[in-house]
Amino acid sequence: MRTRSLSLVVAVLLLAGCTLPGQARSDGRPVVLTTFTVLADIARNVAGDHLAVESITKVGAEIHGYEPTPGDIAKASKADLILDNGLNLESWFAKFVESAKAPHAVVSDGVKVLDITQDAYAGKPNPHAWMSPLNVRTYVDNIVTAFSKLDPAHAADYAANGKAYQAKLQDVQNELVTGLAGLPKNERALVTCEGAFSYLARDAGLTEKYIWPVNAEQQATPQQISSTIEFVRAGKVPAVFCESTVSDKPMQRVVDATGAKYGGVLYVDSLSETDGPVPTYLDLIRHDAATIIAGLTGRP
């Protein structure tokens, strides 16, 4: 471990070159570093043209068990501000916070936290708070505050950008609630592979059921699949879903056993490339809302 740590430090020094921590990019803008692509996109909507916002992880990366590289640590050494989700999502992120001199903000601060209720993760906070548009309104408030401290000269712009973005988030929430209105109680259920939708389900008035609590489809047990099958059968749930970053094979077993429709792919941890289905967070949450509505109601 000591040898590896020394190697990382050497690599960081080589990669960082002569750039000092906190130094802005050559275009003069301060640099904001986020842990994953979803946060980067949300932050860019608040930053406008005043800040350069980057994500440590790339499009399609699995955020939970990410392994930082020396290049990632070099990026942290140059950042003027670091944003992370918190709620134990980025356990690997501690080394960035400990070593970087840049200010650090946790964007989920103030969110009403829901705990995971099953398996070894029971009692720990569910980290996927960004999957509720209402929670992301709180994220935006925290980002506006952090950006205003970093760059007070543009505080009014950050506040205005944040307010405009929050209005779009509220629109998605309204569309989700309206689209699900009239569903019978037993059909108001969101069944997914991973338990990443607790906040969205709560705020949309849906009962949540998942096969496993956190990305671990290779550990899907017969008991987990059986429990999900029983839930779908008992409620006559019309459709089930799975996330883009995992295999849908366990959920297809639920489909085969119950006759429920496979409602489609949902996106959670990462955006897509610009020419993909969810290049922005608003695209992601709108896609998921529309997919859930269509699957449960049968309406396109």
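### Digging into the overall build of the chain
Part 1: When you go through the chain residue by residue, the secondary structure sums to 10 helices and 8 strands.
Part 2: By residue count, 50% of the 300 residues in the chain fall in the buried class.
Part 3: Once local pairs closer than 6 in sequence are excluded, the contacts in the chain between residues at least 24 apart make up 63%.
Part 4: Carbon and sulfur atoms make up 54% of the accessible area of the chain, which amounts to about 13600 Å² in all.

### Considerations on the nonpolar core
Part 1: Judged by nonpolar contacts, the single largest core of 58 residues is most densely connected at L83, W130, V136, F147 and Y281.
Part 2: Breaking this core down by element, the ones donating at least two residues are α2 (37-47), β3 (81-84), α5 (133-150), α6 (155-180), α7 (198-204), β7 (239-243) and α10 (281-297).
Part 3: The biggest single contributor to this core is α10, with 8 residues.
Part 4: The residues touching Y281, leaving out its near neighbours within four places in the chain, are V38, D41, I42, W130, M131, S132, P133, V136, Y165, L169 and L271.
Part 5: Within the second largest apolar cluster, 16 residues are counted, among which are W212, V232, C242 and V246.

### As for the environment of A164
Part 1: Inspection of the secondary structure puts A164 in helix α6.
Part 2: Along the sequence, A164 and V46 sit 118 residues apart, while their C-alpha atoms lie 9.0 Å from each other.

### So, the side chain of N85
Part 1: Following the sequence through the fold, N85 ends up in the loop between β3 and α4 (94-99).
Part 2: For N85, the side chain forms a polar contact with the main-chain oxygen of P127, separated by 3.0 Å.

### Notes on the confidence of the model for the chain
Part 1: Across the chain, the average pLDDT comes to 86, with 85% of residues at 70 or higher.
Part 2: Between residues 1-24, whose pLDDT stays under 50, and residues either more than four places distant or in other chains, the model counts 30 contacts.

### Here's the deal with the environment of G295
Part 1: In this fold, G295 is placed in helix α10.
Part 2: Sequence-wise, G295 and L190 are 105 residues apart; in three dimensions their C-alpha atoms are separated by 9.8 Å.

### Things to note about the sheet that holds β3
Part 1: With parallel pairing, 4 strands are arranged side by side in an open sheet as β2-β1-β3-β4. Of all strands in the sheet, those bounded by a partner on one side alone are β2 (52-55) and β4 (104-106). Across the sheet, the axes of successive neighbouring strands diverge by a mean angle of 20°, strand direction being ignored.
Part 2: Those strands touched by α2 are β1 (31-34), β2 and β3, and its axis lies near 170° from that of β2.

### Re the packing of α2 against α6
Part 1: At a closest axis distance of 7 Å, the pairing of α2 and α6 adopts a crossing angle of 125°. The orientation of α2 relative to α6 falls into the category oblique. Residue-level inspection shows D41, I42, N45, V46 and A47 of α2 in contact with α6, the latter providing Y158, N161, G162 and Y165.
Part 2: Residue classes in the contact of α2 with α6 are distributed as 5 nonpolar, 3 polar and 1 charged.

The rules we used
Here, residues in each chain are numbered from 1, in the same order as that chain's written sequence. Predicted model: local features are reported for residues with pLDDT of at least 70 only, side-chain atom pairs are reported and counted for 80 or more only, and whole-chain, interface and lining totals are derived from all residues. Note: side-chain values were computed over all heavy atoms of the structure, leaving out hydrogens and water. Counting from the N terminus, the helices are DSSP H or I runs at least four residues long and the strands are E runs at least two residues long. Per-residue accessibility, obtained with a 1.4 Å probe over protein chains only, is compared with the maximum for each type, and a residue is labelled buried under 20%, exposed over 50%, and partly exposed between these values. Whether two residues touch is decided by their heavy atoms; if any such pair falls within 4.5 Å, the residues are in contact. Note on areas: Shrake-Rupley, 1.4 Å probe, and residue coverage restricted to the protein chains presented here. Definition used in this section: a nonpolar core is a set of buried Ala, Val, Leu, Ile, Met, Phe, Trp, Tyr and Cys residues joined via side-chain atoms within 4.5 Å. Any pair of N or O atoms that falls within 3.5 Å is considered a polar contact. Within protein, one atom must be able to donate a hydrogen and the other to accept it, and sequence-neighbouring residues count only if both atoms are side-chain atoms. One number per residue, pLDDT, summarises how confident the predictor is, and it ranges from 0 to 100. Each pair of strands is called paired provided DSSP finds at least two bridges between the two strands. Axes, fitted as lines to C-alpha atoms, cover a helix only where it is in contact. Angles between the N-to-C directions of the axes lie from 0 to 180 degrees. The cut-offs work like this: below 35 degrees is roughly parallel, past 145 is roughly antiparallel, 65 to 115 is roughly perpendicular, and the gaps in between are oblique. Residues were grouped as follows: Ala, Val, Leu, Ile, Met, Phe, Trp, Tyr, Cys and Pro as nonpolar; Asp, Glu, Lys and Arg as charged; and all remaining residues, including Gly, as polar.

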